[in-house]
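A look at the structure
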Amino acid sequence: MGTVVDDTASVEFHAFFERHYAELSRLAHLLTGEADTADDLAADALLALWHRWDRVRAADHPVAYARGVVANLARTRIRGAVRERRRIALFWSQREERTENPDVAGVVDVQEALRRLPFRKRACVVLRHAFDLSEKDTALALGVSVGTVKSQTSKGMAELQRLLGTREVPQRVHAAVGTAARGDTAAGVRKRSGGAEGRDR
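Residues numbered from 1 in each chain as written. Predicted model: local features only at pLDDT ≥ 70, side-chain atom pairs only at ≥ 80, totals over all residues. Heavy atoms only, no water.

In the annotation of an unreviewed UniProt entry, the entry for the protein reads SigE family RNA polymerase sigma factor, and the organism field reads Streptomyces viridosporus T7A. Per UniProt, the protein has the following entry under Sequence similarities (unreviewed entry): "Belongs to the sigma-70 factor family. ECF subfamily." (UniProt positions renumbered as here; feature names shortened; annotations may be inferred.)

Structure below.
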């Protein structure tokens, strides 16, 4: 009896994995700005889901649960990257300060602009405009209220409009998910190993 249940769970999880792995990887890419580690984060999230699959399969919104796990892992990775950069900066204190001007909107692409946003704004913008989730589904994934999603998305889009110098932000953000799917990223982003730089909150 137990074997039958285990086999059924395994089949269900495998189908869930095949259906959602690519989407979760793209989400991790857009949240962290790290194409090379996005697949690992998605795999780690799915492994965590497998360990609690009985709970996940019984949830009303398993995919929202999975997105929330990816978001939490991305947040943890960003925090670790920030701490590492600070340690390196202290060690190499003689290095020149970065002179990039964040107000030069014409040279800031979508992925780098997203990296400048605080994490919650970035997550709301990505889920709403790159993945076309409703406000309710975004709130479920992030464990926040619909009101918070509305506020953070609006503020995030306003900041992106300022950084990118265009009113076509929703279209450009939506296009970014296709870029993430191909694993492409701007040359400037490739050269930076720090990942997402927005404030983590």
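**Describing the pattern of salt bridges**
On inspection of all chains with the given rule, the structure shows six salt bridges. Between Glu112 and Arg116 there is a salt bridge whose closest N-O contact spans 3.8 Å. Owing to a relative accessible area of 22%, Arg116 belongs among the partly exposed residues under this scheme. (Salt bridge = Lys/Arg side-chain N within 4 Å of Asp/Glu carboxyl O. Buried < 20%, exposed > 50% of the residue type's maximum accessible area, 1.4 Å probe, protein only.)

**Re the nonpolar core**
The biggest cluster of nonpolar side chains holds 43 residues, and the ones touching the most others in it are Leu31, Leu49, Leu114, Val126 and Leu160. Where this core is concerned, the elements lending two or more residues are helix H1 (2–32), helix H2 (35–51), helix H3 (53–58), helix H4 (62–91), helix H5 (110–115), helix H6 (119–130), helix H8 (146–164) and helix H9 (169–182). (Core = buried A, V, L, I, M, F, W, Y, C linked by side-chain atoms within 4.5 Å. Helix = DSSP H or I, 4+ residues; strand = E, 2+ residues; numbered from the N terminus.)

**Things to note about the environment of Pro62**
Looking at where Pro62 falls in the secondary structure, it is placed in helix H4. Take Pro62: its relative accessible area is 22%, and that puts it in the partly exposed class. Apart from the residues within four sequence positions on either side, Pro62 is in contact with Phe16 and Val56. (Contact = heavy atoms within 4.5 Å.)

**A closer look at the environment of Phe131**
Take Phe131: it is sitting in the loop between H6 and helix H7 (135–142). Separated by 105 residues in the primary sequence, Phe131 and Arg26 have C-alpha atoms spaced 9.4 Å apart.

**Re the packing of H7 against H8**
The geometry of H7 relative to H8 is characterised by a closest axis approach of 8 Å and an angle of 100° between their N-to-C directions. With respect to each other, H7 and H8 are oriented roughly perpendicular. Between H7, through Glu135, Lys136, Thr138 and Ala139, and H8, the contact on the second element is made entirely by Val146, Val149 and Lys150. Grouping the constituent residues of the contact of H7 with H8 by class yields three nonpolar, one polar and three charged. (Axes fitted to C-alpha atoms, helices over the stretch in contact; angles between N-to-C directions. Parallel < 35°, antiparallel > 145°, perpendicular 65-115°, else oblique. Nonpolar A, V, L, I, M, F, W, Y, C, P; charged D, E, K, R; others polar.)

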